[in-house]
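Coordinate analysis (summary)
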Amino acid sequence: GKTVMNILFFDIDGTLANGLEVPASAEKAIHQLRESGDNLVFICTGRPLNYVQRYFSAYADGFICFNGRYSYLKGKTIYDMPLSKEEIRDITAIIDHCRGGYVFYNNTSEFKGGYHGTYIPLNLRDEAVYNFNVFFKDKEHFKQIEEALKEQVIFNPHGKMPHADATIAGSDKGVAIMKTMEALQIPFENSYAFGDGSNDVSMFHSVAHSVAMGNALDILKQEAEYITDDIDRDGIKNALLHYGLIKE
């Protein structure tokens with residue numbers, strides 16, 4: 001009989017790609033995965049849908065975007081959870097108080113507000129938005145914003161850049177993964193996740209097999225079933241070989 005589908009979820013930044021660069025070995029491995037017909041590949045990221053579709057649509061069948069608030073497979077929306085007006089109001093009030101900046105995103109647009117040099121009022125009108133990036137002056141400033149929002153937001157900093165993406169309480173990568181697997185009726189033991197950052201912890205809690213990149217944060221490595229090599233040392237290829245999902 002036909003083997004049951006595996007489902008694999010890949011974070012982008014630091015896992016699948018450095019910037020827009022996907023290592024050749026990862027590109028080849030993912031192509032093998034998808035060619036076999038037994039595997040469904042999802043990208044699972046804090047990034048907006050239009051960014052993922054523009055740069056990474058060649059690597060996946062489906063996309064979970066905005067750290068879990070939107071899931072999309074082959075032209076169909078599976079899960080869709082925009083932020084409530086109250087959430088937006090509370091979050092922006094706190095960041096304004098800390099004099100930080102923010103950009104909110106939906107599937108097509110971005111909406112800037114807060115302090116970016118000068119204060120910019122957020123103009124959302126009736127737009128549904130799914131997530132935001134926070135902008136700060138330096139590490140200290142970021143710590144202050146992170147502390148002020150710690151009840152409702154987990155931030156995933158972007159390396160040396162002065163901004164971070166948000167996972168907002170109530171929905172995260174893990175929730176979206178569970179909803180997606182439910183909708184597609186894929187058994188739990190056939191699920192795999194690959195990540196490197198703080199926004200990937202929830203993803204690891206929602207799959208049977210979790211893989212941390214060699215370059216991952218320690219907090220994520222502690223949650224992983226398997227720790228593979230760095231992104232630029234064939235980490236994805238080697239992990240897929242380890243699980244027997246591809247052959248040399």
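These remarks concern the structure in this document.

So, how was this worked out
Residues numbered from 1 in each chain as written. Predicted model: local features only at pLDDT ≥ 70, side-chain atom pairs only at ≥ 80, totals over all residues. Heavy atoms only, no water. Helix = DSSP H or I, 4+ residues; strand = E, 2+ residues; numbered from the N terminus. Polar contact = N/O pair within 3.5 Å; in protein donor to acceptor, adjacent residues only side chain to side chain. Contact = heavy atoms within 4.5 Å. Buried < 20%, exposed > 50% of the residue type's maximum accessible area, 1.4 Å probe, protein only. Pairing = 2+ DSSP bridges. Axes fitted to C-alpha atoms, helices over the stretch in contact; angles between N-to-C directions.

Bringing the side chain of S202 into the picture now. By the element assignment, S202 lies in helix α6 (residues 201-204). A polar contact is formed between the side chain of S202 and the backbone nitrogen of K173, at a distance of 3.5 Å. Discounting chain neighbours no more than four positions away, the residues touching S202 are D172, K173 and G174.

Here we come to the pairing of strand β12 (residues 191-195). The element β12 is extensively covered by neighbouring structure, given that five of its five residues are classed as buried. On β12, burial covers both faces: S191, A193 and G195 on one face and Y192 and F194 on the other are all buried. One ladder, built from four bridges, connects strand β1 (residues 6-10) with β12; its direction is parallel. Residue pairing across strands places F10 opposite F194, the latter belonging to β12. The pairing of β12 with strand β13 (residues 209-212) spans four bridges and is parallel. Across the sheet, residue G195 finds its bridge partner in β13, namely A212.

Attention now goes to the sheet that holds strand β2 (residues 39-44). One open sheet accounts for eight strands, arranged β5-β4-β3-β2-β1-β12-β13-β14; its pairing is mixed. Both outer strands of the open sheet, β5 (76-80) and β14 (226-227), are each paired with one neighbouring strand and no more. Sheet analysis places β2 next to strand β3 (residues 62-65), joined by three bridges and oriented parallel. Bridge pairing in β3 links I43 to F63. Of the strands in this sheet, β1, β2, β3, β4 (70-73), β5 and β12 touch helix α5 (residues 173-184), which is tilted by about 135° from β5.

A few words now on the environment of F10. Of note, F10 is situated in strand β1. Overall, F10 belongs to the buried group, its relative accessible area being 1%. When the C-alpha positions of F10 and S57 are compared, they lie 13 Å apart, and in sequence the two are 47 residues distant. Non-local contacts of F10, meaning those with residues more than four positions away in its chain, are made with I30, L33, V41, F42, I43, C44, F194 and I236.

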